[in-house]
Structures are given as C-alpha cells and as structure tokens.
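# A closer look at the structure
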Amino acid sequence: MAVTLADVAARAGVSAATVSRVLNGNYPVAGSTRERVLRAVDDLDYVVNGHARALAAATSDLVGVLVNDVADPFFGLIASAVQGEISGGAEQPSGLPAGAGKLAVVCNTGGSPEAELNYLTLLERQRAAGVVLTGGAVEGTGHSTAVAGRLARLAASGTRIVLCGRPPVPELADLAGPAADSVMTVAFDNRGGAQRLTEHLLALGHRTIGYVAGPAERSTTRHRLEGHRAALAEAGLAGSPAELDRLTVHGYYDRSSGYDAALELLRREPGLTAVVAANDTVALGVCAALRERGLRIPEDISVAGFDDLPFSVDAAPALTTVRIPLQEAGARAGRLVMGRQAPPPGGLATVRTELMVRASTAAPRKGA
C-alpha cells in the first residue's frame, strides 16, 4: 500500500498541514519539527508526488547542480562548466545545437547540510533528469546517511547522479539494476596533491610548518590534512598527535579564517617558517595577517594554497598552490550527467592534481 501524507504526519506526530508546509517549503516551520517530518519521510520512503513511482522512468528536463557557495570561484568554475554541458549551448564541444540540452538549476546551499537535503528533496519531487553534487561531503553525522537515502531514491527513479569533487557514497554501492549505473563520481586527488605540496616545502628545508585546515567535518578537509601529515610522517616529522594538532588550526574556507588562523599559529609557534592553507582564498587571508605582523613572504615565512584559482598567479607574490582542473572536471561531470560520456570504470574517475611552484615559497632564512 502506498504511503500517504497522513502516514507521514502520524509518524512525525504533526498535522498533515505541517507535513505539507515542510515539503512545499513555502511556510516557516520550526527546525526541530522540520527534522521530524523529514526523518519520517525517509523512514517511510514517502514520495511527495503521488504518481511519481508509476512514472519512475519519466524524468523532467531539469538538472540540479548543488554548490556550497556560487560566489566562491572554486564552485563558480565547476558550476559554469557543468551548466555549459547541460544546457547544450552552441559553443559546446559535443556539437549539440543551441537549446538541445536541459535546464540547469544551480542550488546554493550556503554550506548548510539541511539546505542540501532540502534541495535533493525538491529535485526528487520535480523528477529531475540529473543531479550534480559538488564539493566535499559532510562526514561523521546522520547527514551522510540522509543524503545516501535521497540519492538512492533519485537513482531508483531514473535520475542520473554525479558527485563532483566529493568521494563516492558507500551506502550506494549496493544499488542494483539500472540504478547502479546511474551514480558516478568525479573525485579530486586531494590527498596526493596535499602530500606533494608539503613535500615541496620539506625539500626546501622547512621543518616547522603550520597548517590552516577547513571545517573538520568535511571530506575535503580530512583528505588534504591526511596528505599533509603523510608527507610529514615520511620525513620523520609527524611528532605526537598533540604536536600535530598544535600546528593545525581549523576554520572555514574563506579569507577571514586564514587571517585569524595565521595569527593563532604565530601565537602557538613564533618560529614558524611556512604555512599551508586549506585553499587559495584562505591563503590570501594568511598572507594579509603575516604582512600586518611585518613578516615578508617568502623571505620570513613561505605560504602555499590549494586549488589554483584564477587569482593565485596574480597574487603578490604569486601563490604556490596545487592545481585542480576545475573546469575540465565540471565539464566531465556535465557530460556524465547528460549521458554523453561513458561512465568511468566502476563509476569512479579520479582527477589528478598538479603542484604549481611560484614565488610565495622559498628556502627558510638561515637560522630559522
């Protein structure tokens, strides 16, 4: 028997009207109430569109592209490339005529796990032809399980899903039939890139290296920090967990976090000779803080970033960083979600990163 709106309301302990408000998203509902309703929707595998199951193979011309922050160049570059492939513009290498694609809708989550789940629910209701999720995944919470559940339902209804810049979802490995081929991953080699970056600093002679990490719950943060610490371990400099933590400060992927983290690292370790930043935007904040303290880059302290965003080469000095071919990765994700490119073996493609050595890193000053 099909699950009804009343069933969800009873399970959540609210009225049917409240369930409708949560699912429609057009009326303010308390956060705790929203969570209960969405949990009931998951538990009962409720599909809002009552006849969606009968139309499982029929999808719309809509493709959702989820980003943390469309104003961030990292996500902007990916989203632009994805959208270009989805819309099938005249300039596309696929040779499709203008208007031959689908409608790309960029969904800006603001980094909110709740917003990410809400967008996935809305895309399911719209029977989206495809979904592209960009950026790192939230780990260590019930959020990852909730995302897996929504993606599984989307795949089962015929929606093509591409994870771009985030790792595969383990819970989706057991999908069978056509749904199993509907989920693909374009992952970034964050670990390898971070390890090569720290190895570069070690080769220059740095031994006291601070690290400005992103939010602890993000997969990108974990992978890049693991790569950094792997390089330290291979050089015999890993030290104790307490020492590693002392030279690591977590923050957001923005300039102000880099600024604050640099000052904190200098307070903890005045003898710092290099700082690795979570991304290029954070690195700019690090550089600003160091200059305000009267420190020269790289003469006094070397600074390195990650991603190789367009402004990196124009920074003063030009920023040593790790290049991710974001536009190429986004275009590939767009072709995959449109079915114009064969899925990679096992559904997983890993995008290689490249170390870009520039003027912001140099050998530490003598005696440092």
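Report follows, based on the coordinates. What you see as residue numbers is a count from 1 along each chain, following the sequence as written. Note on the predicted model: pLDDT of at least 70 is required for a residue's local features to be given, and 80 or more for side-chain atom pairs to be given and counted; whole-chain, interface and lining totals, by contrast, use all residues. No hydrogens and no water enter the side-chain calculation; it runs on all heavy atoms of the structure.

## Quick notes on the packing of aromatic side chains
For clarity, the threshold we go by: Aromatic rings from Phe, Tyr and Trp, with only the six-membered ring used for Trp, were paired whenever their centres fell within 6.5 Å, and each pair was classed as stacked if the ring planes differed by under 30 degrees, edge-to-face if by over 60, and tilted otherwise. The helix count covers DSSP runs of H or I at least four residues long, the strand count covers runs of E at least two residues long, and both are numbered beginning at the N terminus. Only lysine NZ and arginine CZ atoms are considered, and such an atom sits over a ring when it is within 6 Å of the ring centre and within 35 degrees of the ring normal.
By the definition in use, this model includes 2 aromatic pairs. Each ring, one from Phe74 and one from Phe75, has its centre 5.0 Å from the other, and the planes form 75°; the classification is edge-to-face. Ring centres of Phe74 and Phe188 lie 6.3 Å apart, and the angle between their planes is 75°; this geometry places the pair in the edge-to-face category. One end of the pair, Phe74, is in helix H4 (residues 73-87); the other, Phe188, is in strand E5 (residues 183-188), with 114 residues separating them in the sequence. The cationic tip of Arg224 hangs over the ring face of Phe306; the distance from NZ or CZ to the ring centre is 3.8 Å.

## Topic: the pattern of salt bridges
To be explicit about the condition: Any Lys or Arg side-chain nitrogen found within 4 Å of a carboxyl oxygen on Asp or Glu counts as a salt bridge. The classification of residues rests on relative accessible area computed with a 1.4 Å probe and restricted to protein chains. Under 20% of the type maximum is buried, over 50% is exposed, and intermediate values are partly exposed.
Here the structure, examined in full by the defined rule, presents 20 salt bridges. Between Glu264 and Arg267 there is a salt bridge; the shortest N-O distance is 2.6 Å. Of this pair, Glu264 and Arg267 both sit in helix H10 (residues 255-268), 3 residues apart, which is roughly one turn of that helix. Judged by its relative accessible area of 59%, Arg267 falls in the exposed class. Residue Arg268 is joined to Glu264 by a salt bridge in which the shortest nitrogen-to-oxygen separation is 2.8 Å. Here the residue Arg268 and the residue Glu264 both occupy positions in helix H10, the gap between them amounting to 4 residues, near one helical turn.

## Remarks on helix H3 (residues 31-44)
We apply this condition: Working rule for helices: expected span equals 1.5 Å times residues minus one. Arc definition: it is the arc formed by the directions from the helix axis to the C-beta atoms.
With 14 residues, H3 should cover 20 Å at 1.5 Å per step; its first-to-last C-alpha distance of 20 Å lies within 8% of that length. Taken as a whole, H3 has its buried residues at Thr33, Arg34, Val37, Leu38, Ala40 and Val41. All buried residues of H3 project into a common sector of 155° when viewed along the axis, lining one side. Backbone geometry just downstream of H3 places Asp45 in the positive-phi region, at approximately 55°.

## Comments concerning the sheet that holds strand E1 (residues 62-67)
Applied cut-off: For two strands to be treated as a pair, DSSP must find no fewer than two bridges joining them. Fitted lines through C-alpha atoms give the axes, limited to the stretch in contact for helices. The angle between two N-to-C directions lies from 0 to 180 degrees. For this analysis, residues touch if any pair of their heavy atoms sits within 4.5 Å.
Within the open sheet, the 6 strands sit side by side as E2-E1-E3-E4-E5-E11. Their pairing is parallel. With partners counted over all chains shown, the strands left at the sheet margins are strand E2 (103-108) and strand E11 (348-351), one partner each. The sheet shows a mean angle of 15° between the axes of neighbouring strands, direction not considered. Its contacts with the sheet place helix H5 (residues 113-125) against E1, E2 and strand E3 (130-134), and it is angled at close to 175° to E1. Contacting E1, E3, strand E4 (160-164), E5 and E11, helix H12 (residues 326-338) runs over the sheet at an angle of about 165° to E4.

## Observations regarding the layout of surface pockets
Short version of the rule: Think of a 1 Å grid over just the protein atoms. A cavity is a set of points where a 1.4 Å probe fits yet cannot get out, a pocket is an open set with protein on both sides within 12 Å along at least five of seven lines, and lining residues have an atom within 4 Å of a point. Grid points are joined across faces, edges and corners, and a volume is the space filled by probe spheres set on the points. Under the scheme applied here, ten amino acids are nonpolar (Ala, Val, Leu, Ile, Met, Phe, Trp, Tyr, Cys and Pro), four are charged (Asp, Glu, Lys and Arg), and all others, including Gly, are polar.
Space inside the largest pocket adds up to approximately 480 Å³. For the lining of the largest pocket, the element with the highest residue contribution is H4, accounting for 3 residues. Split by residue class, the lining of the largest pocket holds 7 nonpolar, 10 polar and 7 charged.

## Describing the side chain of Arg224
The cut-off we apply is this: Polar contacts, as counted here, are pairs of nitrogen or oxygen atoms within 3.5 Å of one another; within protein the pair requires one atom able to donate a hydrogen and one able to accept it, and residues that are adjacent in sequence qualify only if both atoms are side-chain atoms.
One can find Arg224 in helix H8 (residues 219-234). Engagement of the side chain of Arg224 in a polar contact is seen with the side chain of Asp307, the distance being 2.8 Å. Apart from the residues lying within four places of it in its own chain, the contact partners of Arg224 are Phe74, Asn190, Ala194, Tyr211, Ala278, Asn279, Phe306, Asp307 and Ile324.

## Considering the sheet that holds strand E6 (residues 209-213)
Spatially, E7-E6-E8-E9 is the arrangement adopted by the 4 strands of the open sheet, whose pairing is parallel. The open sheet has two edge strands with one neighbour each: strand E7 (248-250) and strand E9 (302-304). Each strand axis lies, on average, 15° off the axis of its neighbour in the sheet, ignoring direction. Looking at chain direction, E6 and strand E8 (residues 274-277) are connected through 4 bridges and run parallel. Paired with Tyr211 across the two strands is Val276, which belongs to E8.

These values are about where atoms sit, not about what they do.
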